[in-house]
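Each chain, letter by letter, is given below.
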Amino acid sequence: MSKILNIAWKELYITYTDRSLLLVMIVTPLALATIIGSAFSGMVGGGGNDIPVQNIPTAIVNLDAPTEFNGQTFSMGQTLVDLFTPSGDAAQDADNVLLALTDAAILSDAEAARAGVDDGTYSAAIIIPANFSQSLTVTQDNLSLNVAPVEVYTSRAAPVSASIIKAVTENIVSQFVTGGVTVAATIGELVERAQEDVGFGLQFAVGSANWQPDFAPAFTPDSQPITISQQTVSRQVATFNPLVAFGAAQALFFMIFTAIQSANSLLYERRDGTLQRLIASPTSRLTILLGKLLGALANCVVQVALLFFFLNIVGIVLSGRMQIIWGDNLLLVAAVIFAGSLAACGIGAVVTAIARTPEQVNIVGGLIAMFFGLFSGAFFDLRSLGDLAILGRATPNYWAVDAFTQLSLGQTAITTNLLVLLVIGAVTFVIGLGLFERRLNV
Amino acid sequence: MRKIWAIARNDLRIIFREKDIWINLIVIPVILSFVIGYANGAGRVASAPEAPDVIIDVIDGDGSATSQEFLAALRAANPNFVLCPADNDDGDRCELGGAAFDAALAETRLRDQTALALLDIPAGFGTDLAAGQNVEIIYRSNENATAPSFILQAVQVSVQRLGASIVAERVGTAAALTAPGLTLDEGEQAALKSDIRSRASDLLAAQSSYVNEVVSETAGTQTNPGSGGFSQSTPGMASMYVMFAVFPAAVAFMTERQQGTLQRLVTMPITRWQLLGGKLLARFLLGMLQYSIVFAFGYLVLGVRFGNDPLALLLTMIVFTLCITALTLALATLLRSEAQASAVTLLLTLTLAPLGGAWWPLEIVPDWMRTLGHVSPVAWAMDSYTSLIFYNGSLATVLPYIGVLAGMAAVCFAFGVARFRIE
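What counts and what doesn't
Residues numbered from 1 in each chain as written. Chains lettered and ligands numbered in written order. Predicted model: local features only at pLDDT ≥ 70, side-chain atom pairs only at ≥ 80, totals over all residues. Heavy atoms only, no water. Phe/Tyr/Trp six-rings, centres within 6.5 Å; stacked < 30°, edge-to-face > 60°. Helix = DSSP H or I, 4+ residues; strand = E, 2+ residues; numbered from the N terminus. Buried < 20%, exposed > 50% of the residue type's maximum accessible area, 1.4 Å probe, protein only. Lys NZ or Arg CZ within 6 Å of the ring centre and 35° of its normal. Expected span 1.5 Å × (residues − 1). Arc of directions from axis to C-beta. Salt bridge = Lys/Arg side-chain N within 4 Å of Asp/Glu carboxyl O.

## Some words on the packing of aromatic side chains
Scanning the model with the defined rule gives 25 aromatic pairs over all chains in all. Centroid distance Tyr241 of chain B to Phe244 of chain B: 4.8 Å. Interplanar angle 45°. Geometry classified as tilted. Of the two residues, Tyr241 of chain B and Phe244 of chain B are both situated in helix H8 (residues 228-246); the distance of 3 residues between them amounts to about one turn of the helix. Here Tyr241 of chain B falls in the buried class, since its relative accessible area comes to 8%. Judged by relative accessible area, Phe244 of chain B falls into the partly exposed class, the value being 27%. Clustering of aromatic rings is evident, with ring pairs tying together Phe253, Phe254, Phe257 and Phe379 of chain A together with Trp359 and Trp360 of chain B. Over the aromatic face of Trp273 of chain B sits the side chain of Arg272 of chain B, whose NZ or CZ is 5.8 Å from the ring centroid. In this arrangement the basic side chain of Arg305 of chain B is found over the ring face of Tyr299 of chain B, its NZ or CZ atom lying 4.0 Å from the centre.

Below, the structure written as structure tokens:
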């Protein structure tokens, strides 16, 4: 046993005293996870969870002509423009999300706005049609509504900005429609009653000139009676911490390389003749193999543990508050690190045992690591792959990353994840060991 | 020039002797261009909203007419939504497999992604709304957290539609009761409320859409409308793999210096400039080959169109590759060993690429990251490709980006040449 531990310790010592290797194993994934995490989160700005898109260059063209209702002039187009480009104190309101979200410019020519989107000056153009106010207003002669849609002209070069501008515009117009529908439904109902009930009809006809109904609440978002509480799969209020998701995925991605390269060191040692020397010593082959694979396992565990530690520091620095981003149950986090490392080492052992040369291991191992990384969310949110995301389940990385994400949210139901990882690890470890034992004819 | 070419040719011969070169030049960049383009929206834009049977589980704890009205609005928002278990049929569209639907099963189905989203409508939803109280619907999803969700958007639209009729009922009734000559008892008031809401629902149902999205039909998107994600990933992955192809020259310099082959070469009748020129030319050509392979794949397979100015495209490719080649030379003068060179170049490639927008469009990152990203030559190259592919850019429009890349290349070359030592 002490020989196995000695060999494993030597592997660990060689790895963690090599500064260049540390650059690849620790600094690179740490830098990458920080970049991806920052790109996909608003945490640097203070804890938001949305995509941190701000100052979207937007052109607004108001072709709307004001209309009259009950003696008052309405210009819904201008109201929409004012929401995007407020004046006075409102223009300095730091809490105005719309103001932060967009950098709106008022244009008078729709074609110029479209051309601005075509050439990249604007990410989107909002073009309010000429009959917009009229389409939202009822008259005694026309009690129906037929909302003239606002045009949102977008470019595929900025799909996220485009979808945000479209959603924002849709929300605002929807509020206007709510107001318009309220007015239309109420007036329509009263007119119908007036036609059916002559007494009321006469009084209504006489008094309506001075009647000032308060429809204003229907035009404000505060009147919306239904709210949506967004939650994650784990019943948490949707808090997407990209540093956890991408950090764990990057750690696992680079750990697969470590596992494969650690196992590959056997083939390099055989080529260099040091393995033959080791076998010539009073040490059994099984002891050597177990020592090597245990060393690989230790390398992986230490690498992921170090990465998690440093990622946590990055999380603290970026958010400005003390926290453990991996959740409270560090024992389970350690268990997943161990199980994930075991699975990775087992796969590394099988790949190395099957390959003939260290170069073959590099080629096949690189492809396997890339597949595992792509389908475990190391480079983008896995769910953006739609149906293809199911391929992730064939990778140990997916099960480990999923477990880390759940643990970070305070969920501990990760038995399946642990079982899958341990089974992959145990099976591949034994197969790798068996194949090596048979092939170790030096 | 003949000597430079001879050195370059020899280096290329050595490079192409390596077994994994074609995997790095073709297989990996091509796969990455496809998968990352798909993730960046090519797949989603083309298929998600039209995908058959988007399963959404619904726990309707209320079961009232109002909750049914909301669910009907949701079905109307996207005909491909299958609201389970209500919409299950003999063909088991809900994929229930005969199991009884309950909260625990819904939880499992959401976790294993049988259902993409779960809606929880609380008990008392209808009566609370009728009593003038506000209510909350719980939406749990399995969707991409980094992109706008088409299911959530549909839920929001449906909530707004139902909410609008309720707002009309509440605000409209209050306003109507102030109408001159209208005196109603409690029962008549209730009837008025109901009539206004019903009228509002009819009016809302008659509206088609509030916003009409028109997507710009500029170059690069005309031929294949779903190629937006690929139009981003193809130049992005190509630029990253140009770095993977060229940066190893720094490692090769270390290796040759250690093995003494560099020293041997300078004893030959060639100048230091010819030696450097030959070595760098080999890597430059490899970088251009890398670009050509990925761009050809993008054009022929992914349907990416590169704009209307091939000269501007070619110049961007050349100047970016030149810039990376010059950066490699500069790096080679700062590094001391093969291992160090391998590690540093890997770190640089994997940070400069995402920072510069090779993995995702820079429009989604915060302003400070966008500014920081332009430290990377990749950002300037991507600016140029974006202009050409999406905005019908010409040589005149991309000249500033090419100019910056050329400037970076000049600085790195000057630094590298001044510091480069054979020993």
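## Here we look at helix H11 (residues 285-319) of chain A
Across its 35 residues, H11 of chain A extends 51 Å between first and last C-alpha, which sits within 8% of the 51 Å expected from 1.5 Å per residue. Phi turns positive one or two residues past the end of H11 of chain A, at Gly320 of chain A, with a value near 75°.

## Looking at helix H1 (residues 2-17) of chain B
Residues and elements named next belong to chain B. Taking 1.5 Å of rise per residue, 16 residues should cover 22 Å, and H1 covers 23 Å from first to last C-alpha, within 8% of that figure. Restricting attention to buried positions, one finds in H1 the residues Ile4, Ile7, Ala8, Asp11, Leu12 and Ile15. Looking down the long axis of H1, one finds its buried residues gathered within 135° of arc, a one-sided arrangement. Exposed positions of H1 whose direction lies more than 90 degrees from the buried face are Arg2, Arg13 and Arg17.

## Considerations on the pattern of salt bridges
This model, assessed by the stated rule, comprises 19 salt bridges over all chains. When the shortest N-O distance is used, the salt bridge between Asp195 of chain B and Arg193 of chain A registers 3.7 Å. Of the two residues, Asp195 of chain B is situated in helix H7 (residues 186-205) and Arg193 of chain A in helix H7 (residues 159-196); the pairing between them involves two chains. Taking relative accessible area as the criterion, Arg193 of chain A reaches 17% and is therefore assigned buried. In this structure, Glu169 of chain B and Arg197 of chain B form a salt bridge, with 3.4 Å as the shortest nitrogen-oxygen distance. With Glu169 of chain B in helix H6 (residues 150-176) and Arg197 of chain B in helix H7, the pair connects residues that are 28 residues apart, well separated along the chain. Neither Glu169 of chain B nor Arg197 of chain B differs from the other in exposure class; each is buried. The network of salt bridges with shared partners includes Glu189, Glu192 and Arg193 of chain A together with Asp195 and Arg199 of chain B.

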